[in-house]
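Letter by letter, the chains look like this.
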Number of protein chains: 2
Amino acid sequence: MVKAQAAESRIEQLCVEHGLKMTGQRRVIARVLSEADDHPDVEELYRRALSLDSRISVATVYRTVRLLEEKGILERRDFGGGRARYEATEHGHHHYHLIDVDNGRVIEFEDPEAEELMRRMADRLGFEFVSLRLELFGKKKKQSASAATPHRKGETT
Amino acid sequence: MVKAQAAESRIEQLCVEHGLKMTGQRRVIARVLSEADDHPDVEELYRRALSLDSRISVATVYRTVRLLEEKGILERRDFGGGRARYEATEHGHHHYHLIDVDNGRVIEFEDPEAEELMRRMADRLGFEFVSLRLELFGKKKKQSASAATPHRKGETT
DNA sequence: GTAGATGCAAATACTTTGCAAATGG
DNA sequence: CCATTTGCAAAGTATTTGCATCTAC
């Protein structure tokens, strides 16, 4: 009684839960997104999807990321440079991005205080908090006397 | 000995200080930018410039905002919606933006804590703080029991 | 006088869309 | 089956650029 089938990717599961029709193309794109640990733009998603299945067009990638964004499964990011970047929506623990201005690399970090602070700020301004966009730009320091890099989640593109 | 001439706009002064050649078009665009208290996109800057002087092309507006951004006189913003928005760089006291998700209106606010917090975060991650992009998205609350709206700077588009 | 700025239109870059053919539930 | 989705190419936006002409310094 074991289902002998290629494992459903995490994002594919979410698609099914949202009642989306799972075409071959969507399955591939969902898989690419599930396996990505960076912030690919559409062109890059298309490239990765093509390497898994050649019968995908870039228009479908555009349509799919738009759909998944509307469903709240994906989040669109803008790190400058014109093109939108995508990453899977995370449930509770939000993270933010530090962009290395010298090479464009992106480091994710968490900061529980930041959201707390901004929730209070929204409240004071008479608004209900919806979301927060927080991007830090910095240059890597040369000398590293401190070994600790707390809250660091990883470095990607 | 009084110079009888149309007052130099603040941004025009900055242009001169940066050694830019002051053409008629640049003077007009500088004036429009100096007088703006909102976050106009290129199309809007072009419209305002045209109303002061008809011999300006949109290409020049694009070229000028790019130049002024490179010189650090202007800052480019992205509030979603595809087009870049511009505002004059402020010296010391930075402000951030709260975007009303219902109507796209933008409210500026200050928060000394936010930058402090992010400077420390950058430091912990081994980076030298360069800048911070912070945008808050919210919905206006209905009932307003609190009269105080501290740090509020103004509401624009 | 001359390096640099401008206008115009064509080019680019990213994204969306119309339509006929293909397909998932 | 039939409502949806897809591919393709054309259309849309926002922005940049080549080139001849103009202009600030």
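All figures in this text were calculated on a predicted structure; none of them were measured in a lab. (Residues numbered from 1 in each chain as written. Chains lettered and ligands numbered in written order. Predicted model: local features only at pLDDT ≥ 70, side-chain atom pairs only at ≥ 80, totals over all residues. Heavy atoms only, no water.)

## Some thoughts on the overall build of chain A
Logical step 1: Tallying secondary structure elements over chain A gives 5 helices and 6 strands in all.
Logical step 2: When the elements of chain A are put in sequence order from the N terminus, they spell out α-α-α-α-β-β-β-β-α-β-β.
Logical step 3: The buried share of chain A, reckoned over its 157 residues, is 40%.
Logical step 4: Across chain A, contacts joining residues at least 24 apart in sequence account for 51% of those joining residues at least 6 apart.
Logical step 5: When the accessible surface of chain A is totalled, it reaches about 9100 Å², and 48% of it is carbon and sulfur. (Helix = DSSP H or I, 4+ residues; strand = E, 2+ residues; numbered from the N terminus. Buried < 20%, exposed > 50% of the residue type's maximum accessible area, 1.4 Å probe, protein only. Contact = heavy atoms within 4.5 Å. Areas by Shrake-Rupley, 256 points an atom, 1.4 Å probe, with all protein chains shown as cover.)

## Thoughts on the protein's contact with DNA strand D
Logical step 1: Close to DNA strand D lie 19 residues, the nearest being A:Arg55, A:Thr60, A:Arg63, B:Tyr62 and B:Arg83.
Logical step 2: Of all atoms in DNA strand D that approach within 4 Å of the protein, 70% are sugar or phosphate atoms.
Logical step 3: A:Lys21 is positioned such that a nitrogen or oxygen atom in its side chain is 3.1 Å from a sugar or linking oxygen of DNA strand D.
Logical step 4: Here a phosphate oxygen of DNA strand D and a side-chain polar atom of B:Arg83 are 2.4 Å apart.
Logical step 5: At the level of elements, α2 (24-35) and α4 (58-70) of chain A together with α4 (58-70) of chain B are the ones that each hand at least two residues to the surface near DNA strand D.
Logical step 6: Grouping the amino acids of the surface near DNA strand D by side-chain chemistry returns 5 nonpolar, 6 polar and 8 charged. (Near = heavy atom within 4 Å. Polar contact = N/O pair within 3.5 Å; in protein donor to acceptor, adjacent residues only side chain to side chain. Nonpolar A, V, L, I, M, F, W, Y, C, P; charged D, E, K, R; others polar.)

## Quick notes on the protein's contact with DNA strand C
Logical step 1: Near DNA strand C you find 18 residues, and of these A:Tyr62, A:Arg83, B:Arg55, B:Thr60 and B:Arg63 are the closest.
Logical step 2: Here DNA strand C approaches the protein such that, of its atoms within 4 Å, sugar and phosphate make up 68%.
Logical step 3: One of the backbone N or O atoms of B:Arg55 is found 2.4 Å from a phosphate oxygen in DNA strand C.
Logical step 4: Side-chain polar atom of B:Thr60 to a phosphate oxygen of DNA strand C: 2.2 Å apart, as the coordinates give it.
Logical step 5: Elements that contribute at least two residues to the surface near DNA strand C include exactly α4 of chain A together with α2 (24-35) and α4 of chain B.
Logical step 6: Residue contributions to the surface near DNA strand C peak at 4 residues, all from α4(A).

## Focus: the nonpolar core
Logical step 1: Counting 30 residues, the largest nonpolar core has A:Met118, A:Leu136, B:Met118 and B:Leu136 as the members making the most contacts within it.
Logical step 2: When contributions to this core are tallied by element, the ones reaching two or more residues are β3 (96-100), β4 (106-109), α5 (112-124) and β5 (127-140) of chain A together with β3 (96-100), β4 (106-109), α5 (112-124) and β5 (127-140) of chain B.
Logical step 3: Residues within four places of B:Leu136 in sequence aside, it is in contact with A:Met118, A:Met121, A:Ala122, A:Phe129, A:Ser131, A:Leu132, B:His97, B:Leu98, B:Ile99 and B:Phe109. (Core = buried A, V, L, I, M, F, W, Y, C linked by side-chain atoms within 4.5 Å.)

## Describing the pairing of strand β2 (residues 85-88) of chain A
Residues and elements named next belong to chain A.
Logical step 1: Side chains Arg85 and Glu87 of β2 all project onto a buried face; the interleaved residues Tyr86 and Ala88 project onto the opposite face, where all are buried too.
Logical step 2: Bridge analysis of strand β1 (residues 74-77) against β2 gives 4 bridges, and the strand direction is antiparallel. Bridging across to β2, Glu75 finds its partner in Glu87. (Pairing = 2+ DSSP bridges.)

## Considerations on the interface of chain A and chain B
Logical step 1: Residue-level contacts link 40 residues of chain A with 40 residues of chain B.
Logical step 2: Buried surface at the junction of chain A and chain B, summed over both partners, amounts to about 3800 Å²; 64% is from carbon and sulfur atoms.
Logical step 3: Ranking the residues of chain A by area buried against chain B places A:Leu125, A:Phe127 and A:Arg133 at the top, with a combined share of 21%.
Logical step 4: Across the contact surface, chain A and chain B share 6 salt bridges.
Logical step 5: Run the count over chain A and chain B and you get 14 residue pairs in polar contact (both at pLDDT 80 or more).
Logical step 6: Elements represented by at least two residues in the side of chain A that touches chain B include exactly β3, β4, α5 and β5 of chain A.
Logical step 7: The biggest single contributor to the side of chain A that touches chain B is β5(A), with 14 residues.
Logical step 8: For the side of chain A that touches chain B, the class distribution of residues is 20 nonpolar, 6 polar and 14 charged. (Buried area = accessible area lost by both parts, 1.4 Å probe. Salt bridge = Lys/Arg side-chain N within 4 Å of Asp/Glu carboxyl O.)

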